Amino acid sequence: MAQTEEIRGIGHRVRRVEDDRFIRGKGTYVDDVKLPGMLHMAILRSPYAHAIIRGIDTSRAEAHPGVVAVVTGELLAQHNLAWMPTLSYDTQAVLATDKVRFQGQEVAAVIAEDPYTAKDALELIEVDYEPLEPIVTPQRALEPDAPVIRTDKEGKTDNHIYDWETGDKEATDRAFAEADRIVALDTHYPRCHPAPLETCGCVADVNPATGQATIWMTSQAPHAIRTVFALVAGLPEEKIRIISPDIGGGFGNKVPVYPGYVVATAASLLLGRPVKWIEDRTENLISTGFARDFHMHGELALKADGTMTGLRVSLLADEGAFHADAQPSKFKVGLFGIVSGSYDLPAVHVKATGAYTNKAPGGVAYRCSFRVTEASFLIERLVQNAAYELGMDPAELRRKNFIPPDRFPYRSATGFVYDSGDYEGALNLALEKIGYAELRREQEEARAQGKLYGIGLASFTEVVGAGPHKQYDILGLAMNDGAELRVHPTGKAILKLSVQTQGQGHETTFAQIVAEELGIQPEDIKVMHGDTDNTPYGLGTYASRSTPVSGAATAMVARRVREKAARIAAHLLEVAEEDVEFHRGVFSVKGAPDRSKTIQEVALAAYTNFPDGMEPGLEAVYYYDPPNLTFPFGTYAVAVEVDAETGEWEVRRVVAVDDCGVRINPMIVEGQIHGGLTEGFGIAAMELITFDEDGNCIGANFADYLLPTAWETPRFELYETVTPSPHHPIGAKGVGESATVGSPAAYVNAVIDALRPLGVTNIDMPLTPARVWEAIQAAKAGGS
Ligand code: CDP
């Protein structure tokens with residue numbers, strides 16, 4: 001029987017199945033979980049950035065009606081739980097015992113019959129603090145007389161965390177010695193916050209009779225968290241079940257283990273009742289995984305004709321009070337080593353230093369692959385300034401130095417092997433679509449009339465899909481993912497994933513991959529994830545690794561199922577297996593296409609009429625260890641107009657050309673790019689977590705931490721090129737983060753381009769009107 005209906009596999013704009021429940025308000029988030037006898041937890045946080053704790057008096061809070069228990073670090077210490085490991089092999093206080101090290105740090109927790117009582121009782125806890133000098137910059141942190149933040153570490157006499165180097169220093173020094181021109185840039189990629197719509201939280205339920213711990217948790221990586229919990233608490237892993245239900249955005253913020261998860265679990269264990277903890281917005285903004293905060297110095301060596309010959313970078317990372325960066329353990333500053341971007345740069349040297357400060361820990365992969373955002377920003381800003389110094393057009397300078405398509409796979413000077421790319425193709429399309437030549441003419445005219453009009457480009461290269469087990473791990477766990485596929489007798493299927501959707505539409509796109517491979521319609525494939533008892537092991541969703549790793553596992557498991565299905569089909573068609581061919585859900589006899597069986601008929605036979613000696617059933621599992629990372633890329637072109645009187649700038653055009661290889665669902669890809677371009681705009685224009693000299697966090701609510709809304713967000717014009725990844729089973733690369741990585745430099749380059757006639761060469765993000773105005777005034781006064 002032939003399939004008549006078109007299979008809505010790869011390349012189809014299938015509507016997101018998730019949206020049906022989301023837009024009806026029928027999603028199940030952690031806060032929707034309500035268990036019988038459930039208690040509620042609230043956390044007392046430090047008002048000081050740096051202070052000794054002289055004592056904590058919990059007696060009044062304990063006596064408050066409705067309060068069941070008050071937990072302090074001292075109590076946790078009795079169970080060896082006062083400190084926990086971070087994702088960067090550091091330790092972090094669960095509840096402070098000796099000192100508080102950032103404003104908002106967890107000091108004590110109240111467990112009560114209802115959430116309001118728990119919050120009210122926090123005010124009854126008396127903490128005797130002795131304030132110390134707070135350190136709010138990494139520069140100050142590294143001064144010899146700076147107070148030591150991590151006095152908990154035996155023998156620690158400074159705030160230095162690490163030095164890390166990559167590339168070839170000698171070759172780079174030589175390139176600089178021989179350069180015709182050296183272009184330098186100092187810039188700070190500011191601390192910002194992923195700010196997911198849903199804050200973090202959990203419901204911990206440890207059954208006193210069975211010892212089974214079930215924890216509903218806002219986690220992007222439930223399997224990895226379960227392993228960490230087992231190791232930290234010494235619980236048997238099979239007794240821990242982490243369930244990540246619907247997640248209201250993660251963006252890297254929901255990768256780390258937070259003290260709240262640990263305290264709620266410990267409280268449930270001690271009290272024998274379920275405990276719920278849900279953060280409020282301010283708690284989320286001031287205490288959970290921040291992103292970025294890199295002070296960067298970059299230098300580019302060039303020949304007079306514009307050929308780039310060397311890149312030298314030194315950076316200082318502000319890591320906060322505990323080093324908790326989420327990144328592979330071999331890479332102290334994540335994948336920042338990809339700082340040469342899309343360019344054929346023969347000599348690169350990067351030196352990085354990390355310092356403790358009195359700020360919340362973090363350094364999470366906020367919609368980026370482990371610090372590649374900072375790297376991409378630096379090189380794209382440097383290239384623009386280099387073009388000005390050489391008197392070249394920024395597009396021309398890029399074109400001259402791109403890695404050409406015939407050089408792939410390309411080994412970069414820092415050892416990354418780029419899988420595929422056509423950078424000039426993406427640039428050319430962006431220039432054509434924005435009408436670059438015409439815009440430059442208009443810019444001349446605008447300038448003649450005294451208007452500040454600017455055009456900015458960014459030709460970014462991403463690096464996603466961590467990763468091959470020899471190099472990529474989180475706390476030693478190889479960054480691989482599994483997929484499990486079962487086809488039921490009626491030909492419907494269930495796909496179980498180790499990755500965890502937080503809004504990316506995995507339930508739709510991963511079903512499309514199976515549809516493509518097996519010819520079963522996506523609506524007949526249920527996708528399950530987020531339950532460690534019922535899904536295969538894997539490292540979870542962040543750093544745009546789902547499609548490159550788990551998407552590959554899905555294609556491979558479907559192929560494994562197809563192989564068995566072909567054997568059953570041969571039996572049904574009474575021919576040898578070699579005589580069976582498969583096309584879009586139909587197995588037929590080679591040369592006799594009328595003799596055929598659909599995948600649904602074969603599925604039924606797998607349970608009813610299979611060959612003698614064959615194991616019945618139609619299912620498989622596949623764990624994928626990628627042979628390499630994938631390297632999505634693109635060019636973003638932005639046009640802006642700046643008001644010299646106020647410093648306000650308005651985006652006139654945004655053209656985005658993205659290449660993420662084969663697109664599984666173009667509609668979802670476009671949604672991802674829209675989100676990323678908006679986040680990139682927010683960071684370039686308005687988002688900033690900063691601190692005053694006392695270490696108070698400025699940016700603790702959405703009135704101070706400005707996220708772009710539909711009102712400010714520009715209109716985006718999207719285009720694509722398609723350069724498949726040669727090693728990925730379906731040729732797909734990731735896309736979830738590309739636009740957040742690539743676009744900030746394009747927005748900033750556009751504003752700097754507008755201010756070029758005034759001599760302005762740099763303004764640090766976010767480009768608030770005040771900062772732009774000040775830069776204009778400084779330039780007018782003779783500086784830049
Ligand atoms: O890891 P995360 O899901 O955040 O990022 P991703 O792998 O880049 O995927 C984001 C969404 O875009 C997923 O639903 C993917 O399946 C989809 N996607 C796609 O349809 N085609 C691609 N080539 C890449 C991603």
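Coordinates for the structure precede this section.
Throughout what follows, the structure given in this document is the object of discussion. These numbers come from a predicted model, not from an experiment.

Here's the deal with the pattern of salt bridges
Here the idea is simple: oppositely charged side chains can pair when their charged atoms come close.
Step number 1: Counted by the stated rule, this structure contains 59 salt bridges.
Step number 2: With its nearest N and O atoms 2.8 Å apart, the salt bridge here joins Asp20 to Arg24.
Step number 3: Taking the relative accessible area as the measure of exposure, Asp20 reaches 44% and is therefore partly exposed.
Step number 4: When the shortest N-O distance is used, the salt bridge between Glu720 and Arg663 registers 3.6 Å. Note that Glu720 is positioned in strand S34 (residues 717-720) and Arg663 in the loop between strand S31 (649-659) and helix H17 (666-685), a separation of 57 residues in sequence.
Step number 5: Bridged by salt links that share partners, the residues Asp90, Asp98, Arg101, Arg150, Asp152 and Lys153 form one connected network.

Things to note about empty space enclosed by the protein
Step number 1: What the rule picks out here adds up to 5 cavities of 30 Å³ or more.
Step number 2: Quantified by volume, the largest cavity comes out at close to 120 Å³.
Step number 3: Taken together, 14 residues line the largest cavity, and the ones lying closest to its centre are Thr86, Gln92, Pro256, Val257 and Ala324.
Step number 4: Among the residues making up the lining of the largest cavity, the classes are represented as 9 nonpolar, 5 polar and no charged.
Step number 5: What lines the second largest cavity is simply Leu87, Ala221, Ala224, Ile225, Val228, Val255, Val257, Ile474, Leu475, Leu477 and Tyr542.
Step number 6: The class makeup of the residues in the lining of the second largest cavity is 11 nonpolar, no polar and no charged.

Here's the deal with helix H15 (residues 546-573)
Step number 1: In this model, H15 (28 residues) spans 38 Å end to end at C-alpha, consistent with the 40 Å of a helix rising 1.5 Å per residue.
Step number 2: Extensive coverage of H15 is indicated by the burial of 21 of its 28 residues.
Step number 3: Backbone geometry just downstream of H15 places Glu574 in the positive-phi region, at approximately 55°.

Section: the layout of surface pockets
Step number 1: Here the second largest pocket defines a volume of roughly 590 Å³.
Step number 2: Every element with two or more residues in the lining of the second largest pocket is listed here: strand S30 (633-642), S31, H17 and helix H19 (769-780).
Step number 3: The leading source of residues in the lining of the second largest pocket is S31, at 5 residues.
Step number 4: Grouping the amino acids of the lining of the second largest pocket by side-chain chemistry returns 12 nonpolar, 3 polar and 10 charged.

Structural notes on the site of the ligand
Step number 1: Near the ligand, the surroundings consist of 23 residues, among which Gln504, His506, Thr547, Val735 and Gly736 are the closest.
Step number 2: The contact in question runs from an oxygen atom of the ligand to an N or O atom on the side chain of Ser546, over 2.7 Å.
Step number 3: One of the side-chain N or O atoms of Thr547 is found 2.6 Å from an oxygen atom in the ligand.
Step number 4: Relative to its unbound accessible surface of 520 Å², the ligand loses 98% to contact with the protein.
Step number 5: For the shell around the ligand, the elements supplying multiple residues, two or more each, are helix H14 (506-518), H15 and H17.
Step number 6: Within the shell around the ligand, the residues separate by chemical class into 8 nonpolar, 12 polar and 3 charged.

Structural notes on a negative patch on the surface
Step number 1: A contiguous patch of negative charge, built from Glu563, Glu577, Glu578 and Asp579, is present on the exposed surface.
Step number 2: Topologically, Glu577 is positioned in the loop between H15 and strand S26 (580-583).
Step number 3: The exposure class assigned to Glu577 is partly exposed, which follows from its relative accessible area of 38%.

Quick notes on the sheet that holds strand S12 (residues 213-217)
Step number 1: In spatial order, the strands read S3-S7-S1-S14-S11-S12-S13; together these 7 strands make up an open sheet with mixed pairing. Both outer strands of the open sheet, strand S3 (67-72) and strand S13 (240-243), are each paired with one neighbouring strand and no more. Each strand of the sheet is rotated relative to its neighbour by a mean of 20°, with strand direction disregarded.
Step number 2: Contacts from helix H4 (residues 115-122) reach strand S1 (39-45), S3 and strand S7 (106-112), with the element oriented near 25° to S1.

Overview of the pairing of strand S24 (residues 493-497)
Step number 1: With 5 of 5 residues buried, S24 lies mostly within the body of the structure.
Step number 2: Every second residue of S24 is oriented toward a common face, with Ala493, Leu495 and Leu497 on one face and Ile494 and Lys496 on the other, all of them buried.
Step number 3: Bridge analysis of strand S23 (residues 481-487) against S24 gives 5 bridges, and the strand direction is antiparallel. Bridge pairing in S24 places Glu484 opposite Lys496.
Step number 4: As consecutive antiparallel partners, S23 and S24 are separated by 5 residues, and within that stretch Gly491 has a phi angle of approximately 85°, a positive value.
Step number 5: Handedness of the crossover is the feature at issue here: the chain leaves S24, passes through H14, returns alongside strand S25 (residues 525-528), and the resulting connection is right-handed.

With respect to the sheet that holds strand S27 (residues 586-589)
Adjacent strands of a sheet form backbone hydrogen bonds with each other and so pair up, either parallel or antiparallel.
Step number 1: The 3 strands are arranged S26-S27-S28 in an open sheet whose pairing can be described as antiparallel. Looking along the sheet, the strands with just one partner apiece sit at the ends: S26 and strand S28 (592-598). Averaged over all pairs of adjacent strands, the angle between strand axes in this sheet comes to 35°, irrespective of strand direction.
Step number 2: Pairing between S26 and S27: 4 bridges, direction antiparallel. Paired with His583 across the bridge in S27 is Val586.
Step number 3: Seen against the sheet, helix H16 (residues 599-608) touches S27 and S28 and runs at an angle of roughly 55° to S28.

Conventions used here
- Residues numbered from 1 in each chain as written.
- Predicted model: local features only at pLDDT ≥ 70, side-chain atom pairs only at ≥ 80, totals over all residues.
- Heavy atoms only, no water.
- Salt bridge = Lys/Arg side-chain N within 4 Å of Asp/Glu carboxyl O.
- Buried < 20%, exposed > 50% of the residue type's maximum accessible area, 1.4 Å probe, protein only.
- Helix = DSSP H or I, 4+ residues; strand = E, 2+ residues; numbered from the N terminus.
- 1 Å grid on protein atoms, 1.4 Å probe; cavity = no way out; pocket = protein on both sides within 12 Å on 5 of 7 lines; lining within 4 Å.
- Points joined across faces, edges and corners; volume = space filled by probe spheres on them.
- Nonpolar A, V, L, I, M, F, W, Y, C, P; charged D, E, K, R; others polar.
- Expected span 1.5 Å × (residues − 1).
- Near = heavy atom within 4 Å.
- Polar contact = N/O pair within 3.5 Å; in protein donor to acceptor, adjacent residues only side chain to side chain.
- Areas by Shrake-Rupley, 256 points an atom, 1.4 Å probe, with all protein chains shown as cover.
- Patch = residues over 30% accessible without salt bridge, like charges linked within 9 Å, V, L, I, M, F, W, Y side chains within 5 Å.
- Lys, Arg positive; Asp, Glu negative; His and termini not counted.
- Charge placed at Lys NZ, Arg CZ, Asp CG, Glu CD.
- Pairing = 2+ DSSP bridges.
- Axes fitted to C-alpha atoms, helices over the stretch in contact; angles between N-to-C directions.
- Contact = heavy atoms within 4.5 Å.
- Right-handed = clockwise from strand over helix to strand, strands pointing away.

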